[in-house]
Amino acid sequence: QVQLVESGGGLVQAGGSLRLSCAASGRTFSSYAMGWFRQAPGKEREFVAWISRSGGGTYYADSVKGRFTISRDNAKNTVYLQMNSLKPEDTAVYYCAADQTRTAVVRTSENDYDYWGQGTQVTVSS
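## Describing the sheet that holds strand E1 (residues 2–7)
Part 1 of the argument: The four strands lie next to each other as E1-E3-E8-E7, forming an open sheet whose pairing is antiparallel. Looking at which strands have only one partner, the edges of the open sheet turn out to be E1 and strand E7 (68–73). The average undirected angle you get between the axes of adjacent strands in this sheet is 15°.
Part 2 of the argument: One ladder, built from six bridges, connects E7 with strand E8 (residues 78–83); its direction is antiparallel. The residue bridging Phe68 from the neighbouring strand is Met83, located in E8.

Now the structure itself:
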């Protein structure tokens, strides 16, 4: 089992940047591929970014490609989401999630993830 805690959310103006962190505790962090998802008010939760267990592979939703960067530090049991050039439509609760299936396949469905954090609010003002 792994526990996930997100931090780093907040209020930022359009064009600004934020870096989200997701700290993991419990079983070996490097055993899990990790993902970031988000959920805007009145909308379903959507995939944002994925990173492999080693950090050597990443994948992004088209809506954030070129603006967001996912990374991880397995020594610190932490995954990050650097968000640049933020837009009002990026406003959402952001969640990190862990996939325990030891696969190198990119996972974009929330059903593929086994553990979730509580979420952190990101609000982008225009």
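Moving on from the coordinates now.
## Topic: the pattern of salt bridges
Part 1 of the argument: Going through the model one piece at a time under the given rule, you end up with seven salt bridges.
Part 2 of the argument: With a shortest N-O distance of 3.1 Å, Asp62 and Lys65 are connected by a salt bridge.
Part 3 of the argument: Of the charged contacts in the structure, one is a salt bridge between Asp99 and Arg107, with a shortest N-O distance of 3.2 Å.
Part 4 of the argument: Taking the relative accessible area as the measure of exposure, Asp99 reaches 1% and is therefore buried.
Part 5 of the argument: For Arg107, a relative accessible area of 18% translates into the label buried.

## Overview of the state of the cysteines
Part 1 of the argument: Evaluated as defined, the whole model comprises one disulfide.
Part 2 of the argument: Between the sulfur of Cys22 and that of Cys96 lies a disulfide, 2.0 Å long from S to S. The sign of the S-S torsion, about 55°, decides the handedness of the disulfide formed by Cys22 and Cys96: right-handed. Here Cys22 is found in strand E3 (residues 18–26), whereas its partner Cys96 is found in strand E9 (residues 92–99), with 74 residues between them in sequence.

What counts and how
- Residues numbered from 1 in each chain as written.
- Predicted model: local features only at pLDDT ≥ 70, side-chain atom pairs only at ≥ 80, totals over all residues.
- Heavy atoms only, no water.
- Pairing = 2+ DSSP bridges.
- Helix = DSSP H or I, 4+ residues; strand = E, 2+ residues; numbered from the N terminus.
- Axes fitted to C-alpha atoms, helices over the stretch in contact; angles between N-to-C directions.
- Salt bridge = Lys/Arg side-chain N within 4 Å of Asp/Glu carboxyl O.
- Buried < 20%, exposed > 50% of the residue type's maximum accessible area, 1.4 Å probe, protein only.
- Disulfide = S-S within 2.5 Å.

Geometry only, nothing functional implied.
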